[in-house]
Amino acid sequence: MNVWIAVVVTAVGCYAVKLIGLLVPEGVLERPVVQRLAALLPVALLAALTAQQTFADGHELVVDARAAGLAAAAVALSLRAPFLIVVAAAVLVTAAVRAITG
């Protein structure tokens, strides 16, 4: 029964967030500060998620093959490679480091 309570609470919470978003006056959304924050928020969230997935293992900080793959992706991005090449470079370097280190 606790699972269904969690599902219902989550559904109501999601609906409330959507409703609040629709009720925000248009004048607030047109402010330059709000527009800048709205543009930067996805980038910050993606960077935080990438850092957490790359350097965390449970409650420990680790540096392993994932960090090498991230570094390869950063190099490919700095060279302005297409997105698929960036992903392929990260995958290949991560796999190579895992193969070498076991």
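The shown structure was predicted, so the numbers you read here are calculated from the model rather than taken from an experiment.

Asker: What exactly am I supposed to notice about the overall build of the protein chain here?
Answerer: Secondary structure assignment for the protein chain yields five helices and two strands. Ordered by position from N to C terminus, the α and β elements of the protein chain give α-α-α-β-β-α-α. Its C-alpha radius of gyration of 20 Å places the protein chain more than 25% over the 13 Å reference for a compact globule of 102 residues. Here the protein chain, with 102 residues, has 11% of them falling under the buried criterion. When contacts within the protein chain are restricted to residue pairs at least 6 apart in sequence, those whose partners lie at least 24 apart make up 26%. In the form shown here, the protein chain has an accessible surface area of approximately 8400 Å², with 75% of it arising from carbon and sulfur atoms. On the protein chain, the mean spot of the 6 positive side-chain charges and the mean spot of the 5 negative ones are 7 Å from each other.

Asker: Help me understand helix 4 (residues 65–78) in this model?
Answerer: Here helix 4 is 14 residues long and its end C-alpha atoms lie 20 Å apart, about the 20 Å a rise of 1.5 Å per residue gives. Of the residues making up helix 4, those classed as buried are Ala65, Ala67, Gly69, Ala72, Ala73 and Ala76. Structurally, helix 4 contributes buried residues whose contacts are with helix 3 (32–55) and helix 5 (83–101). Positive backbone phi, approximately 60 degrees, marks Arg80, located one or two places after helix 4.

Asker: Is there a simple way to explain the layout of surface pockets in this structure?
Answerer: Rolled over the atoms, a probe with the dimensions of a water molecule shows which regions are left empty. As a volume, the largest pocket reaches approximately 200 Å³. Lining the largest pocket, in full, are Thr54, Arg66, Gly69, Leu70, Ala73, Leu77, Phe83, Val86, Val87, Ala90, Val91 and Thr94. Taken together, the elements giving at least two residues each to the lining of the largest pocket come down to helix 4 and helix 5. In terms of residue count, the dominant contributor to the lining of the largest pocket is helix 5 (six residues).

Asker: Please clarify how the pattern of salt bridges should be interpreted in this entry.
Answerer: Where charged atoms of side chains with opposite charge meet at close range, the side chains can pair. Per the stated rule, a full pass over the model turns up one salt bridge. Of the charged contacts in the structure, one is a salt bridge between Asp64 and Arg66, with a shortest N-O distance of 3.3 Å.

The rules we used
Residues numbered from 1 in each chain as written. Predicted model: local features only at pLDDT ≥ 70, side-chain atom pairs only at ≥ 80, totals over all residues. Heavy atoms only, no water. Helix = DSSP H or I, 4+ residues; strand = E, 2+ residues; numbered from the N terminus. Rg over C-alpha atoms; globule rule 2.2 N^0.38 Å. Buried < 20%, exposed > 50% of the residue type's maximum accessible area, 1.4 Å probe, protein only. Contact = heavy atoms within 4.5 Å. Areas by Shrake-Rupley, 256 points an atom, 1.4 Å probe, with all protein chains shown as cover. Lys, Arg positive; Asp, Glu negative; His and termini not counted. Charge placed at Lys NZ, Arg CZ, Asp CG, Glu CD. Expected span 1.5 Å × (residues − 1). 1 Å grid on protein atoms, 1.4 Å probe; cavity = no way out; pocket = protein on both sides within 12 Å on 5 of 7 lines; lining within 4 Å. Points joined across faces, edges and corners; volume = space filled by probe spheres on them. Salt bridge = Lys/Arg side-chain N within 4 Å of Asp/Glu carboxyl O.

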